[in-house]
Amino acid sequence: MRILVTGGAGFIGSHFVDRFIAEGNQVWALDNLRSGSRTNVNPKAKFILMDLKDAALESEVAQIRPEAVFHLAAQIDVRVSCSDPIFDATENIIATLRLIEVGLKNEMRFFGFASSGGAIYGEASNGPQSEIHLEVPMNPYGVAKLAIDKYLHSYSVQRSLKSVSLRFSNVYGPRQGAKGEAGVVAVFAKLLRDGKPPRINGDGLQTRDFVYAPDLAEAASMVLKQRATGVFNLGTGIETTILDLAKNLCSIADMDDSLIQHGSAIQGEQRRSVLDPSKAARELVWNPRTSFAHGLKTTYDWFVANRSVE
Ligand SMILES: NC(=O)c1ccc[n+]([C@@H]2O[C@H](COP(=O)([O-])OP(=O)(O)OC[C@H]3O[C@@H](n4cnc5c(N)ncnc54)[C@H](O)[C@@H]3O)[C@@H](O)[C@H]2O)c1
């Protein structure tokens, strides 16, 4: 199959590229390298250095004629979305609609979208949130993700486009940059690699649902093979406190966890975040197969092997 992965030089997108290549597809990775890196891109993929807003997108896609597009390129910083919602909407809504329109003109038959559970459902006060949970995005980033989920439904009705919105929980794994505010695993792993203890915002009892990026790539491949459509939560359903995460990583890095530091809590930070992935288990027969212990070890080892990564 001819598959185009946008954000293919980024953290999660590069794992999608690897998976599609390993399964014998012809893969193009398109990225403007704003936060991605050329070194993440599988050498068997064709790399296109391009911004989605570039006028040349149309001729590029016309040449590739991708049967499937997986769209992971995005403005991923929640704080930027709050300080500049117009920029965020231009990147995350308008550029996405343009990509869909260009794809449709060029025989694209399937569109996979990297959406976000945590950003759409809000506080998980009552435990794991399923796809029918109230949609209450708390910031422009979440509004944009939800908007595209809804646009894709409208494209399926109006233009018969088959698509899937994959609502990820908190993703971690090798190649995640430590600069992003969502990447707490990467932030702690990098500190430990540099011999510094993790620094937690607040008491550390806030929870997240950590899912391993290559497990998401496996889900994407299953979705494509099954031509599954609609909205799917992709998480583990397991809540981990940030304190437990820090302790686990200290143990992997051989650091005494009594050195863990606490800063002040961030005002407005989500207390609990956890997705119910049972729809994906039932309909896709997908289960996140990587244990947290193994995923953390692999991620830490990657940071050690890539000392220049910030
Ligand atoms: N990391 C998470 O925990 C998480 C959770 C939910 C959803 N997501 C979504 O998954 C996707 C991938 O996120 P990630 O964590 O891998 O981030 P990332 O920053 O590593 O990947 C995004 C990639 O898109 C590229 N890009 C950004 N704007 C572009 C543009 N206009 N044109 C071309 N390329 C552009 C960047 O250079 C980068 O390589 C995003 O859509 C993100 O919103 C991530």
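Owing to the predicted nature of the structure, the values given are computational and were not obtained by experimental measurement.

Novice: When you look at the site of the ligand in this model, what are you seeing that I'm missing?
Specialist: Lining the immediate environment of the ligand, one finds 29 residues, of which I12, D31, R34, S35 and Y141 sit closest. Contact distances for the ligand include 2.9 Å between a nitrogen atom and a side-chain N or O atom of E91. With respect to the ligand, the side chain of Y141 contributes an N or O atom lying 2.5 Å from an oxygen atom. Elements that contribute at least two residues to the shell around the ligand include exactly α1 (11-22), β5 (110-116), α6 (140-159) and β7 (170-172). Broken down by element, the residue count for the shell around the ligand peaks at three residues, all from β5. In terms of residue class, the shell around the ligand is built from 14 nonpolar, nine polar and six charged.

Novice: Before we go on, may I ask you to explain unusual backbone geometry in this structure?
Specialist: Unlike most non-glycine residues, E107 shows phi in positive territory, near 65°. Take E107: it is sitting in the loop between α4 (85-105) and β5. Of the residues examined, E107 reaches a relative accessible area of 49% and is grouped as partly exposed. Positive phi values are uncommon outside glycine, yet D254 reaches one of about 65°. Mapped onto the elements of the fold, D254 is located in the loop between α9 (242-253) and β13 (261-263).

Novice: So what exactly am I meant to see when it comes to the nonpolar core here?
Specialist: Note that soluble globular proteins tend to have their nonpolar side chains buried in a common cluster. Ranked by size, the top nonpolar core spans 38 residues in total, and within it F16, F20, F70, F168, L216 and W286 carry the most contacts. It is helix α8 (residues 213-226) that contributes the most residues to this core, eight residues altogether. If we ignore the near neighbours within four places in the chain, the residues touching W286 are V211, D215, L216, E218, A219, M222, L234, G235, A280 and A281.

Novice: Mind showing me how you'd approach the domain arrangement of the protein chain here?
Specialist: Many structure descriptions define interface size as the accessible area lost when the parts assemble. Each assigned domain of the protein chain is listed here: domain 1 (2-171 + 212-234) and domain 2 (172-208 + 238-274 + 291-305). Every contact between the two is made by 21 residues of domain 1 and, on the other side, 16 residues of domain 2. Summed over both sides, the interface between domain 1 and domain 2 buries roughly 1,700 Å², with carbon and sulfur atoms accounting for 45% of that surface. If you sort the residues of domain 1 by the area they bury against domain 2, F11, N170 and Y212 come out on top, with a joint share of 36%.

Novice: Looking at this structure, how should I read the sheet that holds strand β3 (residues 46-49)?
Specialist: Two strands in a sheet stick together by hydrogen bonds in their backbones, pointing the same way (parallel) or opposite ways (antiparallel). Spatially, β3-β2-β1-β4-β5-β6-β11 is the arrangement adopted by the seven strands of the open sheet, whose pairing is parallel. Strands at the two margins of the open sheet, each flanked by one partner only, are β3 and β11 (230-234). If you compare each strand with its neighbour and ignore which way they point, the axes differ by 20° on average. Bridge analysis of β5 against strand β6 (residues 162-168) gives seven bridges, and the strand direction is parallel. Note on β6: the bridge partner recorded for S115 is R167. Strands in contact with α1 are β1 (2-6), β2 (26-31), β4 (68-71) and β6; relative to β1, the strand with the most contacts, it is inclined by about 165°. Relative to the sheet, helix α2 (residues 57-64) contacts β1, β2 and β3, its axis offset from that of β1 by approximately 150°.

Novice: Sorry, what's going on with α2 here?
Specialist: One full turn of an α-helix is made of 3.6 residues, so residues set three or four places apart face in the same direction. Here α2 has its buried residues at L57, V61 and I64. The buried residues of α2 occupy one face: seen down the axis, they fall within an arc of 60°. Elements that come into contact with the buried residues of α2 comprise β1, β2, β3 and α4.

Cut-offs applied
- Residues numbered from 1 in each chain as written.
- Predicted model: local features only at pLDDT ≥ 70, side-chain atom pairs only at ≥ 80, totals over all residues.
- Heavy atoms only, no water.
- Near = heavy atom within 4 Å.
- Polar contact = N/O pair within 3.5 Å; in protein donor to acceptor, adjacent residues only side chain to side chain.
- Helix = DSSP H or I, 4+ residues; strand = E, 2+ residues; numbered from the N terminus.
- Nonpolar A, V, L, I, M, F, W, Y, C, P; charged D, E, K, R; others polar.
- Buried < 20%, exposed > 50% of the residue type's maximum accessible area, 1.4 Å probe, protein only.
- Core = buried A, V, L, I, M, F, W, Y, C linked by side-chain atoms within 4.5 Å.
- Contact = heavy atoms within 4.5 Å.
- Domains from an automatic or database assignment.
- Buried area = accessible area lost by both parts, 1.4 Å probe.
- Pairing = 2+ DSSP bridges.
- Axes fitted to C-alpha atoms, helices over the stretch in contact; angles between N-to-C directions.
- Arc of directions from axis to C-beta.

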